[in-house]
Amino acid sequence: MKTRFAPSPTGHLHIGGARTALFNFLLSRNAGGEFVLRIEDTDAARSEAAYTEDILRALDWLGIVHDGEPVFQSRRAEIHRELTERMLAAGKAYHCHCSQERIDEIRKSALERKEKPRYDGKCRNLGLPAAPGSVVRFKSPETGETFWNDLIKGPVSFANEELDDLVMVRADGLPTYNWAAVADDHSMGITHVVRGDDHVNNTPRQILLYEALDAPIPAFGHVPMILGGDKKRLSKRHGATSVMAYEEAGYLPEALANYLARLGWSSGDREIFSMDEMIKLFSLSSVGKSAAIFDKDKLDWLNSHYIKESSPSRLASLLLPRFEEKGYANPGEKVLEEIVLTVRERGKTLAEMARKADFYFRKTLTLNPGDAKKLLTPEGKDILRSFVEPLRNAAPSDEDFNRLLETLAASRGVGKGAVAQPLRLALTGETASPGLSDIGRILGPEVVTQRINAALEHEA
RNA sequence: GUCCCCAUCGUCUAGCCUGGCCCAGGACGACGGCCUUUCACGCCGUUAACACCGGUUCAAAUCCGGUUGGGGACGCCA
């Protein structure tokens, strides 16, 4: 088995493409086959090397590894030319001299008549030679039916009369998508073509091309689309669609990969899969046939699951750049890991964790006026003052701190929460935070005292 | 418009091929509760679906037909 992922470098690798790549990867690895990457860069105007880089980086980040070096379609012109000659020589293709204007006219009037636009075959039997500006068209069978048993959708068939004579080679000599894909998949020995649903209509054309080439026809599998919340094809307006945007937003690669796999594929009731487990369990027959809506909430859940499972040292090294970006000094591995431990279960993404850990690093805190007004009342400051002495020297253990809260609360006849909140605001600038004894330990007595004093001086 | 595909809780899905174990299971979310120094985490519980119509059958989410709805494709883009 040999599968491939064949993106065109005309944009970032997006969620849908990543899932297609993942399925190809899982399929081939499951069967012990090969998985290759082919960059379809025949559209010189829109292709950019930077996008190729992005695609490579994104696949690598997700843990989707291809075999061998990436293949660039633009460098296979010789093979394409050869195969085109073969088709021409066999009378399976012909030169077409119809002008762009004529083609546009045909399409326009067909649409006006509410018909399916298609080439009328004017040059089909003229035996025209190649000429400047001419294209090569496929002599598509006019009768019969093209059928294949889709690996995901099951039996699919098209009446050949629905298909017109597609352009194989453009006027500039470069092959069009359908022809290049067939020529490459054939010459590269691809056995299984797994791609997006939007290619279903190309498949009968491609099968006809294989037949004309007298080449073995690969198995096809069409993965359903990923939709946005409005059931429209997922696009930028639904939010982030590029894979690397998810890295920036603080998602773990295993979470995204797991989520993407479960979007369309399933294995019983199971939700959590490592890449190895997915490889072991994957099968195209358990990929659903219907489109799926991208659900960020579920991705978030998976991400927090994997964050909770990650070691503090891994999270610390992932978080460090986010702190350095804000100009904070590296407090050292040990402290960083302690900080991580206090925010690991409080953030769904690395970005959220960093945000919740921000107060540890700040030189001075900015108190929300509303919170300050509510908590730094004369009584609140009085409570705060009572913390000064006990916290002056060493940070108490969690147990001792809890006892301190109890004592303070009891002496005032209030709950522990009532005494903890002013201190929380003083130490973190927030009313929600990690546990106070952890914070006290990480900040150290000096900073704790300093922050309490700053809060005491705060004018409501 | 034409062609192709799809149709189970709000969402991802199991079950469908090989009808009965399904008055439909799991997960996310939402809601409620417990835990608790706050916020989370965790735990417990609740909510909610076989699109519709007809047929086959003793029996249909499961098989067949139709309807409706949704998506995709109709480029010298990929």
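These figures come from a predicted structure and were not determined experimentally.

Chemist: Any chance you could break down the nonpolar core for me, citing the residues and the numbers?
Modeler: F387 and I452 are the most contacted members of the largest nonpolar core, which totals 96 residues. Membership of the second largest hydrophobic core comes to 30 residues, among which are L88, F138, F158 and L213.

Chemist: Describe the packing of aromatic side chains, and please don't skip the residues or the numbers.
Modeler: As enumerated under the stated definition, the model contains 12 aromatic pairs in all. Look at F23 and F282: their rings are 5.2 Å apart centre to centre, the planes differ by 45 degrees, and that puts the pair in the tilted class. Within this pair, whereas F23 is found in helix α1 (residues 15–30), its partner F282 is found in the loop between α9 (275–281) and β12 (292–293), the two being separated by 259 residues in sequence. F282 carries the same exposure label as F23, and that label is buried. Among the aromatic residues, ring-to-ring pairing joins F23, W265, F273 and F282 into one connected group. In this arrangement the basic side chain of R137 is found over the ring face of Y119, its NZ or CZ atom lying 3.7 Å from the centre.

Chemist: Got a sec to walk through the pattern of salt bridges? Specific residues and values, please.
Modeler: With the rule as written, the count across this model stands at 34 salt bridges. Of the charged contacts in the structure, one is a salt bridge between D198 and R233, with a shortest N-O distance of 3.0 Å. Here D198 is found in the loop between β9 (192–196) and α6 (202–213), whereas its partner R233 is found in the loop between β11 (226–227) and α7 (243–248), with 35 residues between them in sequence. Where salt bridges share partners, they join R4, R38, E40, R76, D184 and D185 into one cluster.

Chemist: Quick one: what's the story with the confidence of the model for chain A, residue by residue and with numbers?
Modeler: Chain-level pLDDT for chain A is 95 on average; 100% of the residues reach the 70-or-more range. Our summary of model confidence lists the complex with pTM equal to 0.95 and ipTM equal to 0.96.

Chemist: Before we move on, can you summarise the pairing of strand β5 (residues 135–138) with the specific residues and values?
Modeler: In the case of a regular strand, side chains alternate between the two sheet surfaces. Burial along β5 is two-sided: the residues V135 and R137 and V136 and F138 are all buried. Sheet analysis places strand β4 (residues 93–96) next to β5, joined by 4 bridges and oriented antiparallel. Bridge pairing in β5 links Y94 to R137. The pairing of β5 with strand β8 (residues 167–169) spans 2 bridges and is classified as antiparallel. Bridge pairing in β8 places V136 opposite V169.

Chemist: So, the protein's contact with RNA strand B: which residues are in play, and what are the values?
Modeler: Contacts to RNA strand B come from 62 residues, most closely from K114, R170, K232, E345 and R346. Restricting the count to atoms of RNA strand B within 4 Å of the protein gives a sugar and phosphate share of 73%. Between RNA strand B and R233 there is a distance of 2.8 Å, counted from a phosphate oxygen to a side-chain nitrogen or oxygen. The set of elements that each furnish at least two residues to the surface near RNA strand B consists of α4 (100–112), β7 (154–159), β12, α10 (296–309), α16 (398–412) and α17 (416–428). In terms of residue count, α17 provides more of the surface near RNA strand B than any other element does, 5 residues in total.

Chemist: Can you tell me about the environment of V447, naming the residues and giving the values?
Modeler: Residue position: V447 is located in helix α18 (residues 436–456). Exposure remark for V447: the relative accessible area of 25% places this residue in the partly exposed category. In this structure the C-alpha to C-alpha distance between V447 and L427, which are 20 residues apart in sequence, comes to 8.6 Å.

Chemist: Residues and numbers for empty space enclosed by the protein, please.
Modeler: In this structure the tally under the stated criterion is 1 cavity of 30 Å³ or more. Each pocket or cavity is described by its volume, and for the largest cavity that value is around 90 Å³. Around the largest cavity sit 13 residues that line it, and L391, P396, L436, G440 and V448 are the ones nearest its centre. If you list the elements that add at least two residues to the lining of the largest cavity, you get α17 and α18. Top contributing element to the lining of the largest cavity by residue count: α18, with 6 residues. The residue inventory of the lining of the largest cavity, partitioned by class, reads 10 nonpolar, 3 polar and no charged.

Chemist: I'd like to hear about the pairing of β7, residue by residue, with values.
Modeler: Direction of pairing for strand β6 (residues 145–150) relative to β7: antiparallel, over a ladder of 6 bridges. Its bridge partner lying in β7, F147 is registered against S157. Hairpin remark: β6 followed by β7, antiparallel, with 3 residues in the connecting loop.

Chemist: Can you explain the sheet that holds β5? Please cite residues and give values.
Modeler: One open sheet accounts for 3 strands, arranged β4-β5-β8; its pairing is antiparallel. Only two strands of the sheet have a single partner each, and these edge strands are β4 and β8. Between one strand axis and the next, the sheet turns through 45 degrees on average, direction left out of account.

Here is what the cut-offs are and how they apply
Residues numbered from 1 in each chain as written. Chains lettered and ligands numbered in written order. Predicted model: local features only at pLDDT ≥ 70, side-chain atom pairs only at ≥ 80, totals over all residues. Heavy atoms only, no water. Core = buried A, V, L, I, M, F, W, Y, C linked by side-chain atoms within 4.5 Å. Buried < 20%, exposed > 50% of the residue type's maximum accessible area, 1.4 Å probe, protein only. Phe/Tyr/Trp six-rings, centres within 6.5 Å; stacked < 30°, edge-to-face > 60°. Helix = DSSP H or I, 4+ residues; strand = E, 2+ residues; numbered from the N terminus. Lys NZ or Arg CZ within 6 Å of the ring centre and 35° of its normal. Salt bridge = Lys/Arg side-chain N within 4 Å of Asp/Glu carboxyl O. pLDDT = per-residue confidence, 0-100. Pairing = 2+ DSSP bridges. Near = heavy atom within 4 Å. Polar contact = N/O pair within 3.5 Å; in protein donor to acceptor, adjacent residues only side chain to side chain. 1 Å grid on protein atoms, 1.4 Å probe; cavity = no way out; pocket = protein on both sides within 12 Å on 5 of 7 lines; lining within 4 Å. Points joined across faces, edges and corners; volume = space filled by probe spheres on them. Nonpolar A, V, L, I, M, F, W, Y, C, P; charged D, E, K, R; others polar. Axes fitted to C-alpha atoms, helices over the stretch in contact; angles between N-to-C directions.

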